[in-house]
Amino acid sequence: MAHPTQLGLQDAASPVMEELLHFHDHALMIVFLISTLVLYIIVAMVSTKLTNKYILDSQEIEIIWTILPAVILILIALPSLRILYLMDEINDPHITIKAMGHQWYWSYEYTDYEDLGFDSYMIPTQDLTPGQFRLLEADHRMVVPLDSPVRVLVSAEDVLHSWAVPALGVKMDAVPGRLNQTAFVTSRPGVFYGQCSEICGANHSFMPIVVEVVPLEHFENWSSFMLQDA
């Protein structure tokens, strides 16, 4: 999860997020090189008193500064389109979970099971135990199996919400009357935190998302326990 004074993105917990991190570094390096070149040109133009008559009217320079930006845009667009395709690709998910946004909490329904669903509320600050994170902990976590394609159907009951978990590279709007879907595959076990990323009302900052990734055997034990408890 994020920590104070952090400059970069969170550590990736899914293959898609790893691709997003690589693309971020790729685009940032291009921006850095362009900024350096522009700064050098500005300093050179301000500091020198010499004028080259061939630079003032040059077809070659015009061709270069027309083609070069187009090449740079292609270098950015191609990996971006590839990642967009990977994020939209949902092949044979092992489990489907419906995430419904309410004012102001999330409810989860495991559609592959007959009666497995629960509401997920933020734990109030006064009820937190040592080691828990303020405004991020929920009383019920969304538990998913490790290394399994998970499809999440996202919608809302009342107003606009957004289901987002940065470490998984997932962010999907929850729109009333509309069923959006996203998917992810986790690459390591752990607990990953997110929050509603849409300004959905007075308690917008109090509806956290907690995804717990466990091995398949532990997930089966958890689902059996939840079904018995229901």
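Just so it is clear, the structure is predicted and the values come from calculations on it, not from any experiment.

### Topic: the side chain of Glu137
Here comes step 1: Along the chain, Glu137 turns up in the loop between strand E3 (117-120) and strand E4 (142-145).
Here comes step 2: Taking relative accessible area as the criterion, Glu137 reaches 2% and is therefore assigned buried.
Here comes step 3: Side-chain polar atoms of Glu137 contact the side chain of Tyr193, separated by 2.7 Å.
Here comes step 4: If we skip the residues at most four places from it in the chain, Glu137 touches Tyr121, Met122, Ile123, Leu128, Gln132, Tyr193, Pro208 and Val210.

### Let's talk about the packing of aromatic side chains
Remark: the centre distance and the inter-plane angle together describe each pair of aromatic rings, the angle taken between the planes.
Here comes step 1: According to the stated counting rule, one finds eight aromatic pairs in the structure shown.
Here comes step 2: A centroid spacing of 5.4 Å and a plane angle of 55° characterise the contact between Tyr110 and Trp222, whose relative ring orientation is tilted. One end of the pair, Tyr110, is in strand E2 (residues 105-110); the other, Trp222, is in helix H4 (residues 216-229), and 112 residues separate them in sequence.
Here comes step 3: Overall, Tyr110 belongs to the buried group, its relative accessible area being 0%.
Here comes step 4: Its relative accessible area of 18% is what places Trp222 among the buried residues.
Here comes step 5: Among the aromatic side chains, those forming a connected cluster through ring pairs are Tyr108, Tyr110, Phe118, Phe219 and Trp222.

### Describing the packing of helix H1 (residues 15-47) against helix H3 (residues 59-88)
For any two helices packed against each other, one specifies the crossing angle of their axes together with the interaxial distance.
Here comes step 1: One way to put it is that H1 packs onto H3 with a least axis distance of 10 Å and a crossing angle of 165°. Viewed along their axes, H1 and H3 adopt a mutual orientation that is roughly antiparallel. Remark: the crossing between H1 and H3 carries left-handed chirality. From H1, Val16, Glu19, Leu20, Phe23, His26, Ile30 and Ile34 reach across to H3, where they touch Ile72, Leu75, Ile76, Pro79, Ser80, Arg82, Ile83, Leu86 and Met87.
Here comes step 2: Residue composition of the contact of H1 with H3, by class: twelve nonpolar, two polar and two charged.

### Some words on the domain arrangement of the protein
A common way to express how large an interface is: the accessible area buried when the components associate.
Here comes step 1: One can read the domain layout of the protein as domain 1 (13-47 + 57-86) and domain 2 (93-227).
Here comes step 2: Taken together, the contact pairs seven residues of domain 1 with nine residues of domain 2.
Here comes step 3: Across the domain 1/domain 2 interface, buried area totals approximately 560 Å², and carbon plus sulfur atoms make up 54% of it.
Here comes step 4: Three residues stand out in domain 1 for area buried against domain 2, namely Ala13, Ser14 and Met17, and they jointly supply 73% of the buried area on that side.

### With respect to the sheet that holds E2
Here comes step 1: Read across the open sheet, the five strands follow the order E3-E2-E1-E5-E8; overall the sheet is mixed. Among the strands making up the open sheet, the edge pair consists of E3 and strand E8 (180-185). Recorded for the sheet is a direction-independent mean angle of 25° between the axes of neighbouring strands.
Here comes step 2: Taken together, the six bridges between strand E5 (residues 149-156) and E8 define a ladder with antiparallel strand orientation. When the bridges of E8 are listed, Val150 appears paired with Phe184.

### Notes on the pattern of salt bridges
Here comes step 1: Applying the stated criterion across every chain yields a total of three salt bridges.
Here comes step 2: Taking the shortest distance from any N to any O, the salt bridge between Arg82 and Glu19 comes out at 2.9 Å. Of this pair, Arg82 sits in helix H3 while Glu19 is found in helix H1, placing the two residues 63 residues apart along the sequence.
Here comes step 3: Glu212 serves as the salt-bridge partner of Arg141, at 3.5 Å between the closest nitrogen and oxygen. Pair noted here: Arg141 is in the loop between E3 and E4 and Glu212 is in strand E10 (residues 208-214), with a separation of 71 residues, a long-range link.
Here comes step 4: A relative accessible area of 23% places Glu212 in the partly exposed class.
Here comes step 5: Residues joined in a network through salt bridges with shared partners are Glu137, Arg141 and Glu212.

Reading guide: rules and limits
- Residues numbered from 1 in each chain as written.
- Predicted model: local features only at pLDDT ≥ 70, side-chain atom pairs only at ≥ 80, totals over all residues.
- Heavy atoms only, no water.
- Helix = DSSP H or I, 4+ residues; strand = E, 2+ residues; numbered from the N terminus.
- Buried < 20%, exposed > 50% of the residue type's maximum accessible area, 1.4 Å probe, protein only.
- Polar contact = N/O pair within 3.5 Å; in protein donor to acceptor, adjacent residues only side chain to side chain.
- Contact = heavy atoms within 4.5 Å.
- Phe/Tyr/Trp six-rings, centres within 6.5 Å; stacked < 30°, edge-to-face > 60°.
- Axes fitted to C-alpha atoms, helices over the stretch in contact; angles between N-to-C directions.
- Parallel < 35°, antiparallel > 145°, perpendicular 65-115°, else oblique.
- Left-handed = near helix turned anticlockwise from the far one by under 90°.
- Nonpolar A, V, L, I, M, F, W, Y, C, P; charged D, E, K, R; others polar.
- Domains from an automatic or database assignment.
- Buried area = accessible area lost by both parts, 1.4 Å probe.
- Pairing = 2+ DSSP bridges.
- Salt bridge = Lys/Arg side-chain N within 4 Å of Asp/Glu carboxyl O.

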